[in-house]
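Notes for the structure review
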Amino acid sequence: MISAATDSERSDWIGAIQTSINTLKGITPDATQSTTEPAPVEPEAQNNEFAAADENTNESTVPPAGSEVPSSDVVEDQSNTTTATATTTSSTSLLDNLYQAKEVIPFMQWKDNKVIEFWEIWLESIPRITDLSPMDTISYTICASADMDRISWRISGSQNRFIQKMVDFFWNVGAPEDEIGRLNSVGASVNPVEIGSWIDMSSKGGMDGGWIFPGTIPYASALLACDESATKQILTKLGEENNLEIILMGRDMGAAPPRQTHMIFKVPGNTFDEQIQYAIETLDSFGIPQIPENALTIMREAPVPGLLMNVVSSYEGFVKVGVMVPNPTENIVNKLCCLTPGGNYDVLQKLQSSLGTSPSYTEYLYLAQGFGYGVYKEGFDIVFHYDVGTESGTNDSV
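One structure accompanies this document, and this report is about it.

What counts and how
Residues numbered from 1 in each chain as written. Predicted model: local features only at pLDDT ≥ 70, side-chain atom pairs only at ≥ 80, totals over all residues. Heavy atoms only, no water. Helix = DSSP H or I, 4+ residues; strand = E, 2+ residues; numbered from the N terminus. Buried < 20%, exposed > 50% of the residue type's maximum accessible area, 1.4 Å probe, protein only. Contact = heavy atoms within 4.5 Å. Axes fitted to C-alpha atoms, helices over the stretch in contact; angles between N-to-C directions. Parallel < 35°, antiparallel > 145°, perpendicular 65-115°, else oblique. Left-handed = near helix turned anticlockwise from the far one by under 90°. Pairing = 2+ DSSP bridges. Polar contact = N/O pair within 3.5 Å; in protein donor to acceptor, adjacent residues only side chain to side chain.

1. Points about the overall build of the protein
- In terms of helices and strands, the protein carries 12 helices and 10 strands.
- Among the 398 residues that make up the protein, the fraction classed as buried is 54%.
- Restricting to contacts in the protein with at least 6 residues of sequence separation, those with at least 24 account for 74%.

Here it is as structure tokens:
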């Protein structure tokens, strides 16, 4: 169980985030306050991506929902990008893998692409291992849809090393201050050992991001990130009846509501059959359509227990719900790509090669109607999760 053991720990969390906010506002510490700690580094000016969304829409994306970057606009000369990549990532091999992955994602090759600008801003929020002690770690995860139309990137690491850069990132892309305050209050309650951030993107210009707390978290604490709603009541009842174990919680930081809360929990049951039956019943209780029978047939070819459920919700209802099955074989990956309209097994293989790993999970996912905002595919989809790895810091003097 992760929780703040003392009032001092809660104050440390709140103080760290408030210091980050004050720094971004240009507020200097009061002359009467202690100055024994070094002042946070002033963030560099960045493009305000989230703030570009219309306040009267649900879109936290640039360009606006429905606007698509022409597929004919392919980058012809990438020599400058290659040089920058080599310079930027020379200190960490796992960060190199992220750059290599970017080079095989089709829509990230288009020129005049604001998705790439957004991705580069996010990369700047990742601490370099040369700035971390050997006791600090960074973990990297990438999720790719079978048609390579939607990509998610996720990083996490030691709370004390990530707070400043993470708040800088959210501020720089125009996240609302009240949502930074929500991160503050939830973090003070949970006091997670590790924190992190994620971004989503799509070929139609979808760009979203938010924060995560990975690790075992009490179910009641995970619900603190949810807005009061009928959806929260359903989740509360689910947790009370099943004693669910949360392994990740989070929330999006888009410019306009409804804000979405994220949780991943272990599916109860000792066998694959017990777990998939629980997942099917849970989808029913959420009002989410069932996994198509042809996809279930492929899933049952490798009945591996250890299922997870990935639940994204808002006060308007359940946004996205997925059933995650561990360690898919290459045969299953290939079959699922063939099953998915536009599935691209060849490009997925190139992605896997760039990451140096196979999928850790296959997610059978449903995005509810109305929550794609014109830039994300609604309905049933297949997503592959890749645990790129975890690395430790190299700076003994930190």
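2. A word on the packing of helix α5 (residues 159-172) against helix α6 (residues 177-190)
- For the pair α5 and α6, interaxial distance at closest approach is 10 Å and the crossing angle is 160 degrees. As the angle between them shows, α5 and α6 are arranged roughly antiparallel. When the axes of α5 and α6 are compared, the crossing they make is right-handed. Two secondary-structure elements touch here, α5 through Met166, Val167, Phe170 and Trp171 and α6 through Glu177, Ile180 and Leu183.

3. Comments concerning the pairing of strand β10 (residues 379-392)
- Sheet topology note: the strand β1 (residues 137-145)/β10 ladder contains 9 bridges and is antiparallel. Opposite Ile142, over in β10, you have Tyr386 as the bridge partner.
- Bridging between strand β9 (residues 361-367) and β10 involves 7 bridges; their strand directions are antiparallel. Following the sheet pairing, Thr362 is matched in β10 by Phe384.

4. Quick look at the sheet that holds strand β3 (residues 194-202)
- The 10 strands lie next to each other as β1-β2-β3-β4-β5-β6-β7-β8-β9-β10, forming a closed barrel whose pairing is antiparallel. Going from strand to strand, the sheet's axes swing by 20 degrees on average, the running direction of each strand aside.
- Strand direction decides the pairing type here: strand β7 (residues 308-314) and strand β8 (residues 317-326), joined by 7 bridges, are antiparallel. Looking at the pairing, Met309 lines up with Val323 of β8.
- The strands that α5 touches are β1, β2 (150-158), β3 and β4 (207-217); relative to β3, the one it contacts most, it runs at about 35 degrees.

5. Regarding helix α4 (residues 114-123)
- Most of α4 is tucked away, with 7 of its 10 residues classed as buried.
- Of the positions making up α4, those classed as buried are Val115, Ile116, Phe118, Trp119, Ile121, Trp122 and Leu123.
- The N-cap of α4, judged by a side-chain oxygen 3.0 Å from the amide nitrogen of Val115 a few residues on, is Asn113.

Interpretation note: all reported values are geometric properties and have no functional meaning in isolation.
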